[in-house]
Amino acid sequence: MSSDKLNSWLTLLANFGVVIGLALLIFELRQTQHLAETEAAVRRLDQMQEAQTNFALSDSLAPIIAKAQSEGVGSLTPEELKRLIYWESSVRLRMNSQYVQFVRGYLSQETADQIVNAAVSRLELWDELGVFLGNTEFEQAIRKASRQQ
């Protein structure tokens, strides 16, 4: 066998090895992306579950929210108002965190729409309480969605 023929075969084998390596790399990247998406979804559900558990176990939060809804935020005592502000700030931060996961490609558009719609439904209360996040992508998405409704 001539050296040219040997070189051709070695080159063909090397190219075949590169193709197999690239295929394995693509497979590995997809697996990693899928794992990251799954972790983001689970983290989102864990955050929601933890918040709902905290709400359910709180002796004062449910009555404060009920009072604010039935009598208005102005009817709250300074302590109640502070608790409500901190609660709503944590809700907004959690939603912002989840929206960041969407922006990074780890949550679906449908999930992001649900987050934004839920935020829009609370926007009037947040504005009244002065609960803002600054000029974030989430804030912009909320404002845009509220203008469209």
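All figures in this text were calculated on a predicted structure; none of them were measured in a lab.

Engineer: Is there a simple way to think about the overall build of the protein chain in this case?
Structural biologist: If you tally the helices and strands in the protein chain, you get five helices and zero strands. Listed by position from the N terminus, the elements making up the protein chain come as α-α-α-α-α. Against the compact-globule benchmark of 15 Å for 149 residues, the protein chain has a radius of gyration of 26 Å, which places it well outside the compact range. Each principal axis of the C-alpha distribution contributes one length, and for the protein chain these read about 95 × 35 × 20 Å.

Engineer: Teacher, can you tell me more about the nonpolar core here?
Structural biologist: Proteins that are soluble and globular tend to have nonpolar side chains buried together. Grouped together as the largest cluster of nonpolar side chains are 28 residues, with contacts concentrated most on Leu84, Met95, Tyr99, Val116, Trp126, Phe138 and Ile142. Elements that contribute at least two residues to this core include exactly α1 (3–57), α2 (61–71), α3 (78–103), α4 (109–129) and α5 (137–148).

Engineer: Got a minute to help me understand the packing of aromatic side chains in this structure?
Structural biologist: What characterises a pair of aromatic rings is the spacing of the ring centres plus the angle enclosed by the ring planes. Going through the model one piece at a time under the given rule, you end up with two aromatic pairs. An angle of 50° between the planes, with centres 5.4 Å apart, marks the rings of Tyr99 and Phe102 as tilted. Taken as a pair, Tyr99 and Phe102 lie in helix α3 at a separation of three residues, close to a single helical turn. A relative accessible area of 18% places Phe102 in the buried class.

Engineer: What's the story with the side chain of Gln101 in this structure? I'm lost.
Structural biologist: Structurally, Gln101 is set in helix α3. Take Gln101: its relative accessible area is 8%, and that puts it in the buried class. Apart from the residues within four sequence positions on either side, Gln101 is in contact with Ala40, Arg43, Arg44, Tyr106 and Leu107.

Conventions we followed
Residues numbered from 1 in each chain as written. Predicted model: local features only at pLDDT ≥ 70, side-chain atom pairs only at ≥ 80, totals over all residues. Heavy atoms only, no water. Helix = DSSP H or I, 4+ residues; strand = E, 2+ residues; numbered from the N terminus. Rg over C-alpha atoms; globule rule 2.2 N^0.38 Å. Core = buried A, V, L, I, M, F, W, Y, C linked by side-chain atoms within 4.5 Å. Buried < 20%, exposed > 50% of the residue type's maximum accessible area, 1.4 Å probe, protein only. Phe/Tyr/Trp six-rings, centres within 6.5 Å; stacked < 30°, edge-to-face > 60°. Contact = heavy atoms within 4.5 Å.

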